[in-house]
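# Examination of the molecular architecture
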Amino acid sequence: MDNLSVDHLTGIEHLTKRDIEIIFETADSFKEVINRPIKKVPSLRDITIANLFFENSTRTRLSFELAEKRLSADVVNFSAASSSVKKGETLVDTVNNILSMKVDMVVMRHPNPGAAKFLSERVNARVINAGDGTHEHPTQALLDSYSIRERLGTVEGKKVVIVGDILHSRVALSNIYALQKQGAEVMVCGPTTLIPKYIHKLGIKVSHNLKEALEWCDVANMLRIQLERQDIKYFPSLREYTMLFGLDKKMLDELDKEIVVMHPGPINRGVEITSDVADSKQSIILNQVENGVAVRMAIIYLLASKIER
Ligand code: CP
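A few points on the structure. Remember, predicted model here, so these are calculated numbers, not experimental data.

All told, the structure shown has five aromatic pairs when counted by the stated rule. Taking 5.2 Å as the distance between ring centres and 55° as the angle between the ring planes, the aromatic pair formed by Phe-54 and Phe-78 counts as tilted. Taken together, the residues Phe-54 in the loop between strand E1 (48-53) and helix H2 (59-70) and Phe-78 in strand E2 (residues 74-79) connect sequence positions 24 residues apart. Phe-78 shares its class with Phe-54; the two are buried. Across from the ring centre of Phe-64, 4.9 Å away, lies the NZ or CZ of Arg-296, which sits over that ring.

Rendered as structure tokens:
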């Protein structure tokens, strides 16, 4: 079987274009499975997966757990808030203790950039990055691209603008890598203070004008303002941010084309996106969530097939 070039999914940066195609082709089969009356296959009955969440999550955590259960894997969940990490245990010690209970794969969300790669080099298990600080969120970017492919037929040649808090966003960096590897053009748009100074060196366009960005793009991926990661004030007020970078229905209707609207969630309705846009037929926000399960099933399945059993 054609399989991934990597043994762990720590970031999109390390994937090839073919890796992404293999994940999508495998996800197509699993999407068919999860729409059957019996949404389960016995593929991973002999695999145990630990979901380690050192940061809050709703979508990613539930999506991984569903994906694992639909592949018939045994699943254990770990939340930092209720763990011995609070008593001073190191990350590697925590994970090695879990692994000694015969766990084969670790899905980890962690506040520190590079935590997933660090772990993958130190433990005897497959590691999947479910978000590492402001660095990468590879499964989010893969489900985002998969959803563009589903709506527009292909990602290649499409123009995608990522709007908002690029500086604090792991979704933005993973999306930039994923979209570029598939031949899309990428722009980031937001206030000067929330766009990293040298981001254009990644070969992307930069705009500080939402109207101009919307006129350019086929797809607008609206990001949340990550107040929990902001140690200083990056703009005067949320009201002013919304006036300049919030997307409303009037702006969409004034365009001479119908663009696709995305959001990784959680949405702050009325801040980066109005309710009528989030719930419009141009929005694929809930398709992204649905596709997340199929894409995560594909990644887990492909990495599990590399485990010697
Ligand atoms: N998109 C995303 O990562 O959402 P959660 O933080 O709820 O997992």
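Quick look at the pairing of E2 now. Consecutive side chains of a regular strand alternate in pointing toward one face of the sheet and then the other. Bridge count between E1 and E2: six bridges; the pairing is parallel. By the bridge assignment for E2, Ile-49 is matched with Val-75. Crossover E1 to E2 through H2 is right-handed.

Around the ligand, the structure places Ser-57, Thr-58, Arg-59, Thr-60, Arg-109, His-137, Gln-140, Pro-264 and Gly-265. The separation between an oxygen atom of the ligand and a polar side-chain atom of Thr-60 is 2.6 Å. Within the complex, the protein chains bury 91% of what would otherwise be the 250 Å² of accessible surface of the ligand. Among the detected pockets, the ligand sits in the largest pocket. Residue composition of the shell around the ligand, grouped by class: one nonpolar, six polar and two charged.

Counted according to the given criterion, the structure contains one cavity of 30 Å³ or more. Estimates place the volume of the largest cavity at around 80 Å³. Arg-59, Thr-60, Ser-63, Gln-140, Leu-143, Pro-264, Gln-288, Val-289, Gly-292 and Arg-296 together form the lining of the largest cavity. At four residues, helix H11 (residues 285-304) tops the list of elements feeding residues into the lining of the largest cavity. A class-by-class count of the residues in the lining of the largest cavity yields three nonpolar, five polar and two charged.

The rules we used
- The residue numbering used here restarts from 1 in each chain and proceeds along that chain's sequence as written.
- Per-residue local features are limited, in this predicted model, to residues with pLDDT of at least 70; the limit for side-chain atom pairs, both in listing and counting, is 80 or more; totals at the level of whole chains, interfaces and linings are taken over all residues.
- The basis for the side-chain values is all heavy atoms of the structure; hydrogens and waters are excluded.
- Any two rings among Phe, Tyr and Trp, with Trp reduced to its six-membered ring, count as a pair given centres within 6.5 Å; such a pair is stacked if its planes are under 30 degrees apart, edge-to-face if over 60, and tilted if neither.
- Secondary structure is summarised from DSSP: a helix means a run of H or I of at least four residues, a strand means a run of E of at least two, and numbering begins at the N terminus for each.
- Burial status follows relative accessibility: with a 1.4 Å probe on protein chains alone, a residue under 20% of its type maximum counts as buried, one over 50% as exposed, and anything between as partly exposed.
- Look at NZ for Lys and CZ for Arg. If either is within 6 Å of the ring centre and within 35 degrees of the ring normal, a charge sits over the ring.
- Should DSSP find at least two bridges between two strands, the strands are taken to pair.
- Orient the strands so they point away from the viewer; a crossover is then right-handed if the path from the first strand over the helix to the second runs clockwise.
- It suffices for a single heavy atom of a residue to lie within 4 Å of a molecule or strand for the residue to be listed as near it.
- Polar contact is the term for a pair of N or O atoms within 3.5 Å; when the atoms are in protein, one must be able to donate a hydrogen and the other to accept it, and sequence-neighboring residues count only if both atoms are side-chain atoms.
- The protein chains shown are the only cover counted for residues, whose accessible areas, like all others here, come from Shrake-Rupley with a 1.4 Å probe.
- Grid points spaced at 1 Å over the protein atoms alone were grouped into cavities, where a 1.4 Å probe fits but cannot get out, and pockets, open sets with protein on both sides within 12 Å along at least five of seven lines, with lining residues defined by an atom within 4 Å of a point.
- Grid points define the cavity or pocket, and a molecule sits in it when more than half of its atoms lie within 2 Å of them.
- Residue polarity is assigned by list, with Asp, Glu, Lys and Arg as charged and Ala, Val, Leu, Ile, Met, Phe, Trp, Tyr, Cys and Pro as nonpolar; anything else, Gly included, falls into the polar class.
- Grid points are joined across faces, edges and corners, and a volume is the space filled by probe spheres set on the points.

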